[in-house]
Amino acid sequence: MLGGEIVAFIETLLSGIQATLMNIGPMLSIILIVMGGITYGLAQTQAAETRGKWQAAGIAMFVGGVIIAAVTGAAALIQQTSSKILT
Amino acid sequence: MPLLEELASPASSAYAIATALLTISILVSGIAIGIGKALGNRRIEGFGKEELTQAIISCALFGAIVVLAATTEAAAASLVPSFSPASLCPMLSHLSDSPAFYAQCNYASLSSSSESLLASAMKSQNILGFLSKLGLHLGAVSAEPFFGLQYAAESMSPLISNFTFLLSLLFLQASFLGFAIATAFPIFLPAGLILRMFFPTRKLGGAAMALAIGLYVIYPLLFVAAIPTLPDDAASIASARSSFDAFNSKYSGIPMMDLQKENVVVQQINELSHQDLVGEASALVRSLSHSNASIAIFAILLPLLALAAAFAGTFALYSSLGSEITLGKFEII
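Calculation notes
- Residues numbered from 1 in each chain as written.
- Chains lettered and ligands numbered in written order.
- Predicted model: local features only at pLDDT ≥ 70, side-chain atom pairs only at ≥ 80, totals over all residues.
- Heavy atoms only, no water.
- Helix = DSSP H or I, 4+ residues; strand = E, 2+ residues; numbered from the N terminus.
- Contact = heavy atoms within 4.5 Å.
- Areas by Shrake-Rupley, 256 points an atom, 1.4 Å probe, with all protein chains shown as cover.
- Salt bridge = Lys/Arg side-chain N within 4 Å of Asp/Glu carboxyl O.
- Buried < 20%, exposed > 50% of the residue type's maximum accessible area, 1.4 Å probe, protein only.
- Axes fitted to C-alpha atoms, helices over the stretch in contact; angles between N-to-C directions.
- Parallel < 35°, antiparallel > 145°, perpendicular 65-115°, else oblique.
- Left-handed = near helix turned anticlockwise from the far one by under 90°.
- Nonpolar A, V, L, I, M, F, W, Y, C, P; charged D, E, K, R; others polar.
- Expected span 1.5 Å × (residues − 1).
- Arc of directions from axis to C-beta.
- Buried area = accessible area lost by both parts, 1.4 Å probe.
- Patch = residues over 30% accessible without salt bridge, like charges linked within 9 Å, V, L, I, M, F, W, Y side chains within 5 Å.
- pLDDT = per-residue confidence, 0-100.

**Q** Even after reading the chapter, I still don't get the overall build of chain B, so can you show me in this structure?
**A** In terms of regular secondary structure, chain B is built from 10 helices and two strands. Each helix and strand of chain B, ordered N terminal to C terminal, gives the series α-α-α-α-β-β-α-α-α-α-α-α. For chain B, long-range pairs separated by at least 24 residues make up 75% of all intrachain contacts whose partners lie at least 6 apart in sequence. Entry remark: accessible area of chain B is about 15300 Å², with carbon and sulfur atoms responsible for 67%.

The structure is reproduced here in structure tokens:
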């Protein structure tokens, strides 16, 4: 039987971790999107033979940032929707 | 409140822990996919994708278990045969009882009737032992006319010891089933589900869930299947007990006779010599042997077979639940 102080501690700990991740997610997302934009901008200053690599890296950062924003923003919704798959 | 019911209640701590774990799992997977994509690291990205899939599957299992919490008893109860031929438990005449409850109650009843038989058998052995030593000393001549009963009394000793051992196994079985009822679905299943939600404890969670199903559903099933043979065995125990009781009530006064009065003893021996004591004693030994064999099936054979079946089922479930459930498995189907 779960109960008592240990359960309350676990619940608080998990809530804290969840809140931290919820805060880190958008920050990481913004950092990656901004860095992606900077990298893409810098790519234009590079020589033609290396520009492609820089552009790819910039786009990858941008896409990564968008994915983090999408998944962290919709985490609660994904959890609720998935819980109803089998019922 | 049992953990299973607690897990199904949105206001409870267990529910909050489960949903928090699922959300954390989704958040970690989203961050891993994003970082993996940004850094061009396929391992981190792959880990994120795998974790997201597992989180969604865990969410689905969690949702299912919440519904299952309300229907578990009914689902397990449907495994108990509706004809319920001759259960030893009058209170288990309806279908709302799971195989574990059904088995536990029948074991408790069987133990109870066996316990009564054991008490009667011990009394009979005491009477037979007394009779075998009953003797007359008339000057130079001494006689023990019922000395032949000593063999019956001695034969009964190992049978009674064996019966006591089997009876303790029956009690053990009933206690074990009680443990399964108290812990399997109320504790192991929800705890396993919570542990399975997070990747470091996935295997442990799968094992706990498999153990819960193995204990509560698979283990008592063999007993449910053996129910049709139970009435015969219970009848043989009841018949043996009535034989012992009849013998005890017929000869219960003998050990209490006044041994100081020689004429009383002589008169008693004279009366007893007209009885077929050896025949009665051998019938008692035979019925006790038969009862030993009857309960040995329920005390040793069935539990061992049920344990083997439960182990195989639990192991198979653990292989599925403890490993990553990937979409590839569904593609094979």
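Let us keep going from here.
**Q** Would you explain the pattern of salt bridges in this entry?
**A** A side chain with one charge may pair with a side chain of the opposite charge, provided their charged atoms come close. All names here are of chain B. For the structure shown, the criterion picks out five salt bridges over all chains. A salt bridge links Lys 37 to Glu 45; the nearest nitrogen and oxygen atoms lie 3.6 Å apart. Residue classification places Glu 45 among the buried residues on the basis of a relative accessible area of 10%. Sharing partners across several salt bridges, the network here consists of Lys 37, Glu 45 and Lys 49.

**Q** What should I look at first to understand the packing of helix 7 (residues 230–251) of chain B against helix 9 (residues 277–321) of chain B in this one?
**A** Any two packed helices are characterised by how steeply their axes cross, that is the angle between the axes, and by the distance between the axes. All names here are of chain B. Running from N to C, helix 7 and helix 9 cross one another at 150°; their axes reach a closest spacing of 9 Å. Considering their axes alone, helix 7 and helix 9 lie roughly antiparallel with respect to each other. As for the relative orientation of helix 7 and helix 9, their crossing is left-handed in sense. Here helix 7 contributes Leu 230, Asp 233, Ser 236, Ile 237, Ala 240, Ser 243, Phe 244, Phe 247, Lys 250 and Tyr 251 to the contact with helix 9, which in turn contributes Leu 277, Glu 280, Leu 284, Ser 287, Leu 288, His 290, Ser 291, Ser 294, Ile 295 and Phe 298. Of the residues belonging to the contact of helix 7 with helix 9, the class tally is 11 nonpolar, six polar and three charged.

**Q** Explanation requested: helix 7 of chain B in the structure shown.
**A** Three or four residues apart is the spacing at which side chains of an α-helix point the same way, because the helix has 3.6 residues per turn. Residues and elements named next belong to chain B. With 22 residues, helix 7 ought to run about 32 Å at 1.5 Å a step, and its terminal C-alpha atoms sit 32 Å apart, in line with that. Along helix 7, the positions that sit buried rather than exposed are Leu 230, Asp 233, Ala 234, Ser 236, Ile 237, Ala 240, Phe 244, Phe 247, Asn 248 and Tyr 251. Looking straight down helix 7, one finds that the buried residues subtend no more than 155° of arc, so they occupy a single side. Structural note: helix 7 exposes Asp 232 and Ser 249 on the side pointing more than 90 degrees away from its buried face.

**Q** Sorry if this is basic, but what is going on with the interface of chain A and chain B here?
**A** If you look at the interface, chain A gives 30 residues, while chain B gives 33 residues. Summing the contributions of chain A and of chain B, the shared interface buries around 2700 Å²; its carbon and sulfur component is 83%. Counting the contacts that link chain A with chain B gives zero salt bridges. Of all the secondary structure elements, the ones that give two or more residues to the side of chain A that touches chain B are helix 1 (5–43), helix 2 (48–73) and helix 3 (75–82) of chain A. Top element by residues in the side of chain A that touches chain B is helix 1 of chain A. It accounts for 11 residues.

**Q** Can you walk me through a nonpolar patch on the surface in this structure?
**A** Together, Ile 6, Phe 9, Ile 10, Leu 13 and Ile 17 of chain A give the surface a local cluster of nonpolar side chains, amounting to about 470 Å² of exposed area. By secondary structure assignment, the location of Ile 6 of chain A is in helix 1.

**Q** Even after reading the chapter, I still don't get the confidence of the model for chain A, so can you show me in this structure?
**A** Atomic detail in the predicted coordinates should be set aside for any region of low pLDDT. Averaged over chain A, the pLDDT score is 87; the fraction of residues at 70 or greater is 94%. When pLDDT is averaged over each helix and strand of chain A, the minimum, 86, is found for helix 3 of chain A and the maximum, 92, for helix 2 of chain A.

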